[in-house]
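# A structural walkthrough
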Amino acid sequence: MFKRVDRKGDRRKRHLRIRQKMSGTSSIPRLCVYKSIKNIYVQVIDDTAGVTLAAASTLDQDMAAFRGKTNKEAAVEVGKKIAAVAQAQDIKSVVFDRNGYKYHGCVAALADAAREGGLDF
């Protein structure tokens with residue numbers, strides 16, 4: 001008998017387990033990362049109010065050169081952009097939510113770029 005591999009379901013389970021332990025507030029919001037096959041998205045979320053404070057992705061107009069590529073260069077640019085957008089809204093520190101993904105590759109590159117951009121987590 002073969003075990004069925006359910007990567008999406010496993011990631012969802014990891015995400016729910018992580019989310020039970022972390023939450024974003026208005027003073028320290030949550031920085032949530034999502035990867036699709038072609039793009040990478042990031043949001044700064046206030047969970048107490050249920051509001052997205054800032055967002056960036058490879059689908060933005062100024063990211064046209066990186067559209068359709070989920071590589072480290074695109075993740076670095078998205079990390080820099082979210083740091084700039086968050087700093088413009090006077091957000092200095094966040095809680096990093098890797099959304100069940102491994103802290104490796106694109107996710108780590110995005111986090112490092114956001115730190116270099118001035119976000120604290």
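In what follows, the accompanying structure is described. (Residues numbered from 1 in each chain as written. Predicted model: local features only at pLDDT ≥ 70, side-chain atom pairs only at ≥ 80, totals over all residues. Heavy atoms only, no water.)

We now examine the nonpolar core. Judged by nonpolar contacts, the single largest core of 24 residues is most densely connected at V42, I82 and L110. At the level of secondary structure, the elements contributing two or more residues to this core comprise β1 (30-35), β2 (40-46), β3 (51-57), α2 (72-88) and α3 (106-116). Take this core: its biggest share by element is 6 residues, from α3. (Core = buried A, V, L, I, M, F, W, Y, C linked by side-chain atoms within 4.5 Å. Buried < 20%, exposed > 50% of the residue type's maximum accessible area, 1.4 Å probe, protein only. Helix = DSSP H or I, 4+ residues; strand = E, 2+ residues; numbered from the N terminus.)

Within the structure shown, the criterion is met by 4 aromatic pairs. Ring centres 6.1 Å apart and planes at 90° place the aromatic pair F96 and Y103 in the edge-to-face group. F96 sits in the buried class, given a relative accessible area of 14%. Since its relative accessible area comes to 39%, Y103 is described here as partly exposed. The structure contains a cluster of three or more aromatic residues connected by ring pairs, namely Y34, Y41 and Y101. (Phe/Tyr/Trp six-rings, centres within 6.5 Å; stacked < 30°, edge-to-face > 60°.)

One open sheet holds the 4 strands; their spatial order is β3-β2-β1-β4, and the pairing between them is mixed. With partners counted over all chains shown, the strands left at the sheet margins are β3 and β4 (95-97), one partner each. For this sheet, the mean inter-axis angle between neighbouring strands, taken without regard to orientation, is 20°. Relative to β4, β1 runs parallel, the two being bridged by 3 bridges. Paired with L31 across the strands is F96, a residue of β4. Across the sheet, α2 is in contact with β1, β2 and β3; its angle to β3 comes to roughly 145°. (Pairing = 2+ DSSP bridges. Axes fitted to C-alpha atoms, helices over the stretch in contact; angles between N-to-C directions. Contact = heavy atoms within 4.5 Å.)

We now examine a positive patch on the surface. A contiguous patch of positive charge, built from R14, R17, K21 and K102, is present on the exposed surface. Mapped onto the elements, K21 comes out in the loop between α1 (7-19) and β1. A relative accessible area of 72% means that K21 is categorised as exposed. (Patch = residues over 30% accessible without salt bridge, like charges linked within 9 Å, V, L, I, M, F, W, Y side chains within 5 Å. Areas by Shrake-Rupley, 256 points an atom, 1.4 Å probe, with all protein chains shown as cover. Salt bridge = Lys/Arg side-chain N within 4 Å of Asp/Glu carboxyl O. Lys, Arg positive; Asp, Glu negative; His and termini not counted. Charge placed at Lys NZ, Arg CZ, Asp CG, Glu CD.)

Position of T58 relative to the elements: it lies in the loop between β3 and α2. Its relative accessible area of 0% is what places T58 among the buried residues. In this structure the side chain of T58 is engaged in a polar contact, spanning 2.7 Å, whose partner is the side chain of N39. (Polar contact = N/O pair within 3.5 Å; in protein donor to acceptor, adjacent residues only side chain to side chain.)

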